[in-house]
Amino acid sequence: MVCLQIIRFPKIFVPIAFISMAIHRLPLSLNKHISFWKLMGSGKGGTFSKEPDWQQWSILTVWENEIALKNYLNSGFIFKFNKWFANEQLILHLQPIAGHGLWDGGNPFKTNEKETKSKTYHGPIGIITRASIRLNKAKDFWNAVPDVEKLMNISPGYIFSVGVGEMPYLRQATFSIWDSLESAKNFAYQSREHREVIDRTRKEDWYSEELFMRFNLIDISGTLHGKKPAITISKQKD
């Protein structure tokens, strides 16, 4: 089970938000039920962004089971901290479906290949696209971002996206929600502009590490910028 928390703080609490990225490391690292975690900042755009949003931060965690995740969200220190200081939080429960690539040398999102092949996933899906950008390729990468973002925003089936990252400019990720797997695939592989960018990343070796992962949306709660993504959660079927 994977959890993505997008947390917004009032402007007055931005210094506390910075501090939280340090003190949250301890409870996350000590939680034996977590196999992988990342504390990340956010960009002002809906995808990769060079301009940080100091009010918005994110926590990505991978859990051994749903019970441990619920305990963390309902009573853990981080839950209490966010309740005290944050004014908004969007929480997504995700189940990995399929993907490829590496994050810190491994893929933290384990999938059951047999189960995945035996089920059809209906309704909206979430996608994480993450990259460590080579310094000498950063200019080419960032020149390509605006066109891809504009294309994504008008693509049929696109619902929501947020840019997150471990490091400004060089270690970036995007989480997006689409109304179906077909819509996401059409944007990724059928649009000429996006296909050309993908081809360039391979030919010119833009990334030292990258990861692409699809998720079934298990649950979504809270809001971001006063809104909750307009989606209906549907269960996978045999």
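Computed from a prediction, not measured in an experiment: that's the story for all the values here. (Residues numbered from 1 in each chain as written. Predicted model: local features only at pLDDT ≥ 70, side-chain atom pairs only at ≥ 80, totals over all residues. Heavy atoms only, no water.)

A short note on the overall build of the chain
Then, number 1: On a plain count of helices and strands, the chain comes out with eight helices and eight strands.
Then, number 2: In terms of C-alpha radius of gyration, the chain reaches 17 Å, essentially the compact-globule figure of 18 Å for 238 residues.
Then, number 3: The dimensions of the chain, computed from C-alpha atoms along their principal axes, are 45 × 45 × 35 Å.
Then, number 4: Across the 238 residues that make up the chain, the buried fraction comes to 50%.
Then, number 5: Put simply, of all contacts in the chain between residues at least 6 apart along the chain, 78% involve residues at least 24 apart.
Then, number 6: Accessible surface for the chain amounts to roughly 12,300 Å². Of this, 54% is attributable to carbon and sulfur atoms.
Then, number 7: Each charge class in the chain was averaged separately, 31 positive and 23 negative side chains, and the resulting centres sit 4 Å apart. (Helix = DSSP H or I, 4+ residues; strand = E, 2+ residues; numbered from the N terminus. Rg over C-alpha atoms; globule rule 2.2 N^0.38 Å. Buried < 20%, exposed > 50% of the residue type's maximum accessible area, 1.4 Å probe, protein only. Contact = heavy atoms within 4.5 Å. Areas by Shrake-Rupley, 256 points an atom, 1.4 Å probe, with all protein chains shown as cover. Lys, Arg positive; Asp, Glu negative; His and termini not counted. Charge placed at Lys NZ, Arg CZ, Asp CG, Glu CD.)

A word on unusual backbone geometry
Then, number 1: At D104, a residue that is not glycine, the phi angle is positive and equals roughly 55°.
Then, number 2: Its relative accessible area of 43% is what places D104 among the partly exposed residues.
Then, number 3: With a phi close to 55°, D205 is a non-glycine residue in the positive phi region.
Then, number 4: Mapped onto the secondary structure, D205 falls in the loop between helix 8 (192–203) and strand 8 (207–222).
Then, number 5: Classification of D205 as partly exposed rests on a relative accessible area of 39%.

Observations concerning the nonpolar core
Soluble globular proteins tend to bury their nonpolar side chains together.
Then, number 1: Membership of the largest hydrophobic core comes to 26 residues, with the highest contact counts inside it found for L60, L92, L94, W103, F109, I128 and F175.
Then, number 2: The element contributing the most residues to this core is strand 8, with five residues.
Then, number 3: Of all hydrophobic cores here, the second largest spans 22 residues; its members include W142, A144, M152 and W178. (Core = buried A, V, L, I, M, F, W, Y, C linked by side-chain atoms within 4.5 Å.)

What to know about the layout of surface pockets
Any space left empty among the atoms is revealed by the rolling of a water-sized probe across them.
Then, number 1: What the largest pocket holds in volume is close to 640 Å³.
Then, number 2: Along the wall of the largest pocket there are 32 residues; nearest its centre are F48, T129, H194, I198 and F212.
Then, number 3: Of all the secondary structure elements, the ones that give two or more residues to the lining of the largest pocket are strand 5 (125–133), helix 6 (138–153), strand 7 (171–178), helix 7 (181–190), helix 8 and strand 8.
Then, number 4: With six residues, the top contributor of residues to the lining of the largest pocket is helix 6. (1 Å grid on protein atoms, 1.4 Å probe; cavity = no way out; pocket = protein on both sides within 12 Å on 5 of 7 lines; lining within 4 Å. Points joined across faces, edges and corners; volume = space filled by probe spheres on them.)

Quick notes on empty space enclosed by the protein
Then, number 1: All chains considered together, the criterion is met by one cavity of 30 Å³ or more.
Then, number 2: Its boundaries defined by the atoms lining it, the largest cavity holds a volume of some 50 Å³.
Then, number 3: If you go around the largest cavity, the residues you meet are L4, M40, L60, W103, I128, V164, A173, T174 and F175.
Then, number 4: With three residues, the single largest contributor to the lining of the largest cavity is strand 7.
Then, number 5: Residue composition of the lining of the largest cavity, by class: eight nonpolar, one polar and no charged. (Nonpolar A, V, L, I, M, F, W, Y, C, P; charged D, E, K, R; others polar.)

Describing the packing of helix 6 against helix 8
Two quantities define a packed helix pair, namely the angle between the helix axes and the distance between the axes.
Then, number 1: Close contact between helix 6 and helix 8 brings their axes to 10 Å; oriented N to C, the two are set at 155°. Viewed along their axes, helix 6 and helix 8 adopt a mutual orientation that is roughly antiparallel. As helix 6 runs across helix 8, the sense of the crossing is left-handed. Residue-level contacts link D140, A144, V148 and L151 of helix 6 to E193, H194, V197 and R200 of helix 8.
Then, number 2: Looking at the contact of helix 6 with helix 8, its residues break down into four nonpolar, one polar and three charged. (Axes fitted to C-alpha atoms, helices over the stretch in contact; angles between N-to-C directions. Parallel < 35°, antiparallel > 145°, perpendicular 65-115°, else oblique. Left-handed = near helix turned anticlockwise from the far one by under 90°.)

A look at the packing of aromatic side chains
Then, number 1: Within the structure shown, the criterion is met by 17 aromatic pairs.
Then, number 2: For the ring pair W63 and Y72, a centre distance of 4.9 Å and an interplane angle of 45° mean the geometry is tilted. There is no split in this pair, since W63 and Y72 are both buried.
Then, number 3: Their ring planes at 50° and their centres at 4.9 Å tell us that F81 and F85 sit as a pair that is tilted. Here F81 and its partner F85 are both found in helix 4 (residues 77–85), four residues apart, which amounts to about one turn of the helix. (Phe/Tyr/Trp six-rings, centres within 6.5 Å; stacked < 30°, edge-to-face > 60°.)

Things to note about the packing of helix 3 (residues 66–75) against helix 4
Then, number 1: Remark: helix 3 packs on helix 4, axes separated minimally by 5 Å, with the N-to-C direction vectors making an angle of 35°. For the pair helix 3 and helix 4, the crossing hand works out as right-handed. Touching Y72, L73, N74 and S75 of helix 3 are F77, I78, F79 and K80, all from helix 4.
Then, number 2: Residues belonging to the contact of helix 3 with helix 4 are distributed by class as follows: five nonpolar, two polar and one charged.

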